[in-house]
Amino acid sequence: MTTPATRISSICVYCGSQPGHDPAFREAAQVLGRAMAENGIDLVYGGGTKGLMGAVADAVLANGGKAIGIIPEFLMNKEASEQDLGQLTELHVTRDMHERKHMMFERSDAFVTLPGGIGTLEEIVEIMTWAQLGRHIKPMVLANINGFWDPLNALIGHMREAGFIHTGHLVRPLVIESAEQIVPAIQAAAATAGNGQDETIISKM
C-alpha cells in the first residue's frame, strides 16, 4: 500500500435519493454538509439532487464547499435535474454503475453512509468488503441517525460470531450517532491510522 495520508480532503457520502420519513435524516445530511464545507473537505457523491443526496450537496455548496457529483447517464433524469446538476462544482457522467463506484472510490479519502435504501446499502457493503480484503484502509462511517443502521450492525455482529467474517478487525466501520461528530471522528481516525490505496490493486477491481 501507499504511505497513508493523514489529512482528509474529500469524503464520499452514500445516502438515499429519497428524504425518508424522519426529518432527522435530512437534518443530519445538512449538518454533515455544512461541517464538511467548514473544514475544507470536498463532497464526493452520487450526483443526485433529490432526497438526502440533494440535501447534503446543497449544504456543502451553501457553505462555500465543493460538491463533486458522479452519476451514470441513465440516472440523470431519475435522481437529478439538469439545472441543479449545473450548480455542482464538478459533474462526471459515467457509462455505468461500476465506473461510477470506481471513480467515487478513487476521489475519496473516507466514506460516510447516511440513511438510504438498497443502493446505499450495496455501496457501503462493497467498501467494507474491499477493506476486509485489504484493498484499502480508508475510514468508514455508518451515520446511525436515530438507530437507522442498528439492523445492519446486528447482522454484521451475527456473521462475525458465526465465523463468516475473516480479518474482522478490518471490517469495523465507525458507528456515529450524531452528525456533528462525523467529521471529527474521521479526522481522528485518519490521524491515527491514515488512509491510502494501492493503485495497481484497485485498478484491477
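Residues numbered from 1 in each chain as written. Predicted model: local features only at pLDDT ≥ 70, side-chain atom pairs only at ≥ 80, totals over all residues. Heavy atoms only, no water.

*Asks:* Please set out the pairing of strand E6 (residues 140-143) residue by residue, giving values where relevant.
*Replies:* Burial along E6 is two-sided: Met140 and Leu142 facing one way and Val141 and Ala143 facing the other are all buried. The pairing of strand E5 (residues 110-113) with E6 spans three bridges and is classified as parallel. Directly across from Val112, in E6, lies its bridge partner Val141. As paired strands, E6 and strand E7 (residues 174-176) are joined by three bridges and run parallel to one another. Each residue of the ladder has a partner; that of Val141, found in E7, is Leu174. (Buried < 20%, exposed > 50% of the residue type's maximum accessible area, 1.4 Å probe, protein only. Helix = DSSP H or I, 4+ residues; strand = E, 2+ residues; numbered from the N terminus. Pairing = 2+ DSSP bridges.)

*Asks:* Any details on the pattern of salt bridges? Residues and values, ideally.
*Replies:* Evaluated as defined, the whole model comprises four salt bridges. One salt bridge connects Glu99 with Arg95, and the closest N-O pair in it is separated by 2.9 Å. On the basis of relative accessible area, Arg95 is assigned to the exposed category, the value being 71%. Residue Glu126 pairs with Lys101 through a salt bridge whose shortest N-O separation is 3.2 Å. Taken together, the residues span a long stretch of sequence, with Glu126 in helix H6 (residues 118-132) and Lys101 in helix H5 (residues 97-106) at a distance of 25 residues. Salt bridges sharing partners connect three or more residues here, namely Lys101, Glu122 and Glu126. (Salt bridge = Lys/Arg side-chain N within 4 Å of Asp/Glu carboxyl O.)

*Asks:* So, the nonpolar core: which residues are in play, and what are the values?
*Replies:* Counting residues in each nonpolar core, the largest one holds 40 residues, and the members touching the most others are Ile11, Val13, Leu43, Val112 and Ile182. Of all the secondary-structure elements, those providing two or more residues to this core are strand E1 (10-14), helix H1 (23-38), strand E2 (42-45), helix H2 (51-62), strand E3 (67-72), E5, E6 and helix H8 (182-193). Considering each element in turn, this core owes the most residues, eight residues, to H1. With sequence-adjacent residues up to four places away left out, Ile11 is seen in contact with Met36, Ile41, Asp42, Leu43, Val44, Ser108, Ala110, Val112 and Ile186. Phe111, Ile124, Ile127 and Leu142 belong to the second-largest nonpolar core, a separate cluster that totals 20 residues. (Core = buried A, V, L, I, M, F, W, Y, C linked by side-chain atoms within 4.5 Å. Contact = heavy atoms within 4.5 Å.)

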